[in-house]
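For reference, the chains in residue letters:
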Amino acid sequence: MDLSFDQRHIWHPYTSAINPLPCYPVARAEGVYIELESGEKLIDGMASWWAAIHGYNHPQLNQAAHQQIDNMAHVMFGGLTHEPAISLCRKLIELTPDGLERVFLADSGSVSVEVAMKMALQFWACQGNQHKNRFLSPRNGYHGDTFAAMSVCDPINGMHSLFSEVLSHQIFAPAPQTRFDQLWNEDDIAPLAQLMEQHHHQIAALILEPVVQGAGGMRIYHPEYLRRCRQLCDEYDVLLICDEIATGFGRTGKLFACEHAQISPDILCLGKALTGGYMTLAATLCSEDVAMGVCQGSPGVFMHGPTYMGNPLACAVANASLDIIAQGSWQQQVTDIETQLKQQLLPLAELDAVADTRVLGAIGVVETHHPVDVARIQQHFVRQGVWIRPFGKLVYIMPPYIISPEQLERLIGAIQTALQNH
Ligand SMILES: *Cc1c(COP(=O)(O)O)cnc(C)c1O
């Protein structure tokens, strides 16, 4: 593989063109293993950023892709429809929290967030309420890298200062502080409640990641915060957008993180694990009320339609992934991973380099006192035969659900040795 060409000409996520971090060439992937061109096999701790929940090169997902590609890879979705999309949307409506009845198929997580935000704005505009055109969001959120999505990301992590002239100015509440298993503290919701009271006449929607804030800090918070957000949205006539792009499809121990609080949002974003990590596909679901509101009056239609909307190949694989989910073994797998993470990863809090550890479902987080040297720690992990990609002070894992106890122990052991030598 021509790595110098890669270094010279190809952007990778969040890297410098001047001084890029090294990349490891991958030859193939199978089950929980990523196989490097050098022949080394790495146990995957990242599920390719929350996506590959069933593992790589899965026979059922492969078969679905083969069957579909021999039929048709893609047709436009304007004026045409097909069984893979119908069957997928039917499943999504059945599986997701009550009241979500309409599905918009988008091509990536960020686009599904753009769609959700546009829906909320168009909903209020079509009610003749042009003033409700801002978004409220807790700090430490992450919702994607496109401009509307970026405007509701944490203003510091999201580097808003760089784009202050172009980004919409949204309203930020302090991030939730009460941890998932702590006693709920009523003070935690007070600042957000106050912002709602002050600004509700200009807030189109509250957008948040339910229970787990992902890339904006890997924070896990009390479900009561989410329940109170739902109540405040009802009280002040503000839509609730839940971004379950990372948390959806079992990752937190429930099929959707909203279930921890037994709430339904007005608009829901899904992505990442939707195709079991095979290809890019996302979905924005909304309630019948939102859909009707958006299409009332003029222009009477929802103004969005990506070229590859409803891509049949991606829908076919997503259908196969949801069929595996429907068999139900994810539940025991995620419970077992959580138990082992609690036993083996939480105690890493005792290391000098470690500030905090936290676990929910198949997510394990180790937060260090100081930012880690990514290139160095990456090399350590590869030598240990694992693939873990930290950022900043966060060394975290969310492995494929099929990982064995021995493989998970290898991941945790590699984190321990990396941070002991720190
Ligand atoms: C990854 C992520 C996104 C963005 O999805 P992309 O497919 O990378 O555009 C949005 N929201 C959350 C919570 C995410 O984890």
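It should be emphasised that the depicted structure is a prediction, and the values quoted were computed from it without experimental measurement.

Visitor: What should I look at first to understand the overall build of the chain in this one?
Guide: Within the chain, the secondary structure is distributed over 13 helices and 16 strands. Its C-alpha atoms give the chain principal-axis dimensions of about 60 × 55 × 45 Å. Taken across its 422 residues, the chain has 54% of its residues classed as buried. Considering only contacts within the chain whose residues lie at least 6 apart along the sequence, 71% involve residues at least 24 apart. Of the accessible surface of the chain, which amounts to about 18800 Å², a share of 52% is contributed by carbon and sulfur atoms. Within the chain, the 43 negative side-chain charges are centred at a point lying 3 Å from the centre of the 25 positive side-chain charges.

Visitor: Can you help me understand the domain arrangement of the chain in this one?
Guide: The extent of an interface is frequently quoted as the accessible surface area lost upon association of the parts. The assigned domain composition of the chain is domain 1 (3–57 + 328–420) and domain 2 (72–327). Relative to domain 2, the C-alpha centre of domain 1 lies at a distance of 26 Å. On the side of domain 2, 32 residues touch domain 1, which itself brings 28 residues to the contact. Interface area lost by domain 1 to domain 2 is led by W50, W330 and L360, which between them contribute 30%. Counting the contacts that link domain 1 with domain 2 gives one salt bridge. With a shortest N-O distance of 3.2 Å, D356 and R179 are connected by a salt bridge. Taken together, the links from domain 1 to domain 2 amount to 17 residue pairs in polar contact (both at pLDDT 80 or more). Mapped by element, the contributors of at least two residues to the side of domain 1 that touches domain 2 are α2 (47–50), α11 (329–344), β13 (354–360), β14 (363–368) and β16 (394–397).

Visitor: What exactly am I supposed to notice about the sheet that holds strand β3 (residues 41–44) here?
Guide: Remark on secondary structure: sheet strands pair via backbone hydrogen bonds, oriented parallel or antiparallel. Taken together, the four strands give an open sheet; going across it, the order is β1-β2-β3-β15, and neighbouring strands pair in mixed fashion. Where the open sheet ends on each side, the last strands, each with one partner, are β1 (26–30) and β15 (386–387). Pairing geometry for β3 and β15, over two bridges, is parallel. Its bridge partner being in β15, D44 is matched across the sheet by W387.

Visitor: Can you walk me through the UniProt feature "modified residue: N6-(pyridoxal phosphate)lysine" (unreviewed entry) in the chain in this structure?
Guide: Taking the numbering used here, the UniProt-annotated feature "modified residue: N6-(pyridoxal phosphate)lysine" (unreviewed entry) corresponds to K272. Of note, K272 is situated in the loop between β11 (267–270) and β12 (282–287). K272 has contacts with W49, W50, A51, I245, A246, G277 and L281, leaving out every residue within four places of it along the chain.

Visitor: Even after reading the chapter, I still don't get the environment of N157, so can you show me in this structure?
Guide: For N157, the position within the fold is in the loop between α6 (147–151) and β6 (171–173). For the pair N157 and I245, spaced 88 residues apart in sequence, the C-alpha to C-alpha distance is 19 Å. With residues near it in sequence (within four places) discarded, N157 still touches N140 and G216.

Visitor: Looking at this structure, I do not really get the packing of aromatic side chains. What am I missing?
Guide: Any two aromatic rings considered together are summarised by their centre-to-centre distance and by the angle between their planes. Applying the stated criterion across every chain yields a total of seven aromatic pairs. Residues Y24 and W387 carry aromatic rings whose centres are separated by 6.1 Å and whose planes lie at 75° to one another, so their mutual orientation is edge-to-face. Taken together, the residues Y24 in the loop between α1 (3–9) and β1 and W387 in strand β15 connect sequence positions 363 residues apart. With centroids separated by 5.7 Å and ring planes inclined at 90°, the aromatic side chains of F104 and F302 adopt a geometry described as edge-to-face. With F104 in strand β4 (residues 100–106) and F302 in the loop between α9 (288–294) and α10 (312–327), this residue pair connects regions lying 198 residues apart in the sequence.

Visitor: Can you help me understand unusual backbone geometry in this one?
Guide: Generally, phi is negative for residues other than glycine and the peptide bonds are trans, each holding for most cases. Cis geometry is adopted by the peptide bond preceding P299, which originates at S298 and carries an omega value of 5°. Looking at where P299 falls in the secondary structure, it is placed in the loop between α9 and α10. Even without being a glycine, D237 presents a positive backbone phi close to 60°. For D237, the location among the structural elements is in the loop between α8 (223–236) and β10 (239–243). Of note, F249 is a non-glycine position whose phi angle comes to about 65°, a positive value. Mapped onto the secondary structure, F249 falls in the loop between β10 and β11.

Visitor: It is not clear to me how the environment of A261 should be interpreted in this structure. Could you clarify?
Guide: Here A261 is to be found in the loop between β10 and β11. Residue A261 is classed as buried on the basis of its relative accessible area of 1%. Through-space distance from the C-alpha of A261 to that of V211 is 8.6 Å; in sequence the pair is 50 residues apart. Residues within four places of A261 in sequence aside, it is in contact with P223, L226 and R227.

Visitor: How do you make sense of the site of the ligand when you look at a structure like this?
Guide: Around the ligand, the surrounding shell consists of S108, G109, S110, Y142, H143, G144, E209, D243, I245, A246 and K272. Between the ligand and G109 there is a distance of 2.9 Å, counted from an oxygen atom to a backbone nitrogen or oxygen. Within the side chain of K272, an N or O atom sits 2.6 Å from an oxygen atom of the ligand. Coverage of the ligand by the protein amounts to 83% of the 380 Å² it exposes when considered alone. Looking at the shell around the ligand, its residues break down into three nonpolar, five polar and three charged.

Visitor: Sorry, what's going on with the UniProt feature "binding site: substrate" (unreviewed entry) in the chain here?
Guide: UniProt records the feature "binding site: substrate" (unreviewed entry) at W49, Y142, K272, G305 and R389, using the numbering of this structure. Judged by maximum C-alpha separation, these annotated positions cover 341 residues in sequence and are scattered in space, the widest gap reaching 34.0 Å. Secondary-structure assignment places Y142 in the loop between β5 (134–138) and α6. Overall, the relative accessible area of 23% leaves Y142 in the partly exposed class. Apart from residues lying up to four places away in sequence, Y142 is in contact with Y14, C153, E209, A215, G216 and D243. Engagement of the side chain of Y142 in a polar contact is seen with the side chain of Y14, the distance being 3.3 Å. Considering the arrangement of structural elements, one finds G305 in the loop between α9 and α10.

Reading the values: rules and limits
- Residues numbered from 1 in each chain as written.
- Predicted model: local features only at pLDDT ≥ 70, side-chain atom pairs only at ≥ 80, totals over all residues.
- Heavy atoms only, no water.
- Helix = DSSP H or I, 4+ residues; strand = E, 2+ residues; numbered from the N terminus.
- Buried < 20%, exposed > 50% of the residue type's maximum accessible area, 1.4 Å probe, protein only.
- Contact = heavy atoms within 4.5 Å.
- Areas by Shrake-Rupley, 256 points an atom, 1.4 Å probe, with all protein chains shown as cover.
- Lys, Arg positive; Asp, Glu negative; His and termini not counted.
- Charge placed at Lys NZ, Arg CZ, Asp CG, Glu CD.
- Domains from an automatic or database assignment.
- Buried area = accessible area lost by both parts, 1.4 Å probe.
- Salt bridge = Lys/Arg side-chain N within 4 Å of Asp/Glu carboxyl O.
- Polar contact = N/O pair within 3.5 Å; in protein donor to acceptor, adjacent residues only side chain to side chain.
- Pairing = 2+ DSSP bridges.
- UniProt positions renumbered as here; feature names shortened; annotations may be inferred.
- Phe/Tyr/Trp six-rings, centres within 6.5 Å; stacked < 30°, edge-to-face > 60°.
- Near = heavy atom within 4 Å.
- Nonpolar A, V, L, I, M, F, W, Y, C, P; charged D, E, K, R; others polar.

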